[in-house]
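These are the residues of each chain, in order.
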Amino acid sequence: DGYANNYISSNYLIDFSSGLINSFASMPHCGGLYGQNDEIEIKKLLAMIKDMVAERKALFTQHDVSNYDSYIQIAPLPMIVVVIDNIAGFNAFKDGSSFMLNFYEYLRDSHSCGIKFVISCNHVNEVNLRSKQELGTRIAFTLKDRYVYGDALNVRCDYVPPTIAGRGLFVEDGEVTEFH
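Just so it is clear, the structure is predicted and the values come from calculations on it, not from any experiment.

A.B. asks: Please give an account of the nonpolar core that cites residues and values.
C.D. replies: Counting residues in hydrophobic clusters, the biggest one holds 37 residues, and the most contacted among them are I14, I84, F90, F99, F103 and F117. With seven residues, the single largest contributor to this core is helix α1 (residues 39-62). Setting aside its immediate chain neighbours within four residues, I14 contacts Y34, I42, L45, V82, V83, I84, D85 and F90. Grouped together as the second largest cluster of nonpolar side chains are nine residues, Y149, A152, C157 and L169 included.

Put into structure tokens, the structure is as follows:
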């Protein structure tokens, strides 16, 4: 999106998958890596995100702007990225299910505040309908059900990419594009 490197403050990584995301833990912008055994820390992270949204909304009001993109035109404010790898595993987590009930609120409220969520899932039904409505950019890698790419991308899509590791589809300006 054209944001300079210094505008990305922290990436918070929540790994409920294979553990491969651990390789990002040593990166300079990694604010924290959490896994299945980090219940208390994940609760604190989610509370921090809610507080951060409230603080940023107050900051925007104070400077008479409505969102992150408008605010960074007048002053720097780091973007925050929260990665949840394997949303179904997170949902099965003790407090994950209560978080998932209101996940759409996090998506809706945080987006305009410069707090972005990146989630991974194996099937489109792992994300509830209200949350799907709040998702922005969508990228679909090899899906278990090869005939749901249209649903995953939120567009009409009759094309089914070949089952080759790393192959997938994304939507750019309303056009479905294949990548490898």
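That covers the picture; the talk isn't over yet.
A.B. asks: Now, about the packing of aromatic side chains: what can you tell me, with residues and values included?
C.D. replies: Two aromatic rings are characterised by how far apart their centres lie and by the angle between their planes. Per the counting criterion, the structure on display carries four aromatic pairs. Look at F60 and Y71: their rings are 5.6 Å apart centre to centre, the planes differ by 40°, and that puts the pair in the tilted class. Of this pair, F60 sits in helix α1 while Y71 is found in helix α2 (residues 68-71), placing the two residues eleven residues apart along the sequence. An identical accessibility class is assigned to F60 and Y71; each is buried. Where F170 meets F179, the ring centres are 6.0 Å apart and the plane angle is 45°; that geometry is what we call tilted. Overall, F170 belongs to the partly exposed group, its relative accessible area being 25%.

A.B. asks: Tell me about the side chain of S110, residues and numbers included.
C.D. replies: Structurally, S110 is set in helix α5 (residues 103-111). Taking the relative accessible area as the measure of exposure, S110 reaches 1% and is therefore buried. For S110, the contacting residues outside a window of four places in its chain are V53, E105, I115 and F117.

A.B. asks: Could you give an account of the pattern of salt bridges, with specific residues and numbers?
C.D. replies: Going through the model one piece at a time under the given rule, you end up with two salt bridges. For D109, the salt bridge is made with K57, and the minimal N-O distance between the two is 3.9 Å. One end of the pair, D109, is in helix α5; the other, K57, is in helix α1, and 52 residues separate them in sequence. With a shortest N-O distance of 2.9 Å, D109 and R108 are connected by a salt bridge. Each of K57, R108 and D109 takes part in one network of salt bridges that share partners.

A.B. asks: Explain the layout of surface pockets to me, using residue names and the numbers behind them.
C.D. replies: Of the pockets and cavities examined, the largest pocket occupies roughly 1,400 Å³. Every residue lining the largest pocket is counted, 40 residues in all, and those nearest its centre are F117, V118, I119, T137 and I139. Residue assignment for the lining of the largest pocket shows that the elements contributing at least two residues are β3 (79-85), α5, β4 (115-119), α6 (129-134), β5 (139-140) and α7 (149-153). For the lining of the largest pocket, the residue count by class is 22 nonpolar, ten polar and eight charged.

Criteria and thresholds
- All chains use their own residue numbering, which begins from 1 and follows the written sequence.
- For a predicted model such as this one, the threshold for reporting local features is a pLDDT of at least 70, and the threshold for listing and counting side-chain atom pairs is 80 or more; totals across whole chains, interfaces and linings nevertheless cover every residue.
- Think of the side-chain values as coming from all heavy atoms in the structure, minus any hydrogens and water.
- Side-chain atoms within 4.5 Å link the members of a nonpolar core, which is a set of buried Ala, Val, Leu, Ile, Met, Phe, Trp, Tyr and Cys residues.
- Only protein chains enter the accessibility calculation, which uses a 1.4 Å probe; a residue is then buried when its area is under 20% of its type maximum, exposed when over 50%, and partly exposed in between.
- We count a stretch as a helix when DSSP gives it H or I for four or more residues in a row; a strand needs E for two or more, and each element gets its number in order from the N terminus.
- Note on contacts: a residue pair qualifies if any of its non-hydrogen atoms lie within 4.5 Å across the two residues.
- A pair of aromatic rings is counted whenever rings of Phe, Tyr or Trp (Trp by its six-membered ring) have centres within 6.5 Å, and the orientation is called stacked for planes under 30 degrees apart, edge-to-face for over 60 and tilted otherwise.
- Any Lys or Arg side-chain nitrogen found within 4 Å of a carboxyl oxygen on Asp or Glu counts as a salt bridge.
- Only protein atoms enter the calculation, which uses a 1 Å grid: trapped sets of points that fit a 1.4 Å probe without letting it out are cavities, open sets showing protein on both sides within 12 Å along at least five of seven lines are pockets, and any residue with an atom within 4 Å of a point is a lining residue.
- Grid points are joined across faces, edges and corners, and a volume is the space filled by probe spheres set on the points.
- For this classification, Asp, Glu, Lys and Arg are treated as charged, while Ala, Val, Leu, Ile, Met, Phe, Trp, Tyr, Cys and Pro are nonpolar and the rest, including Gly, are polar.

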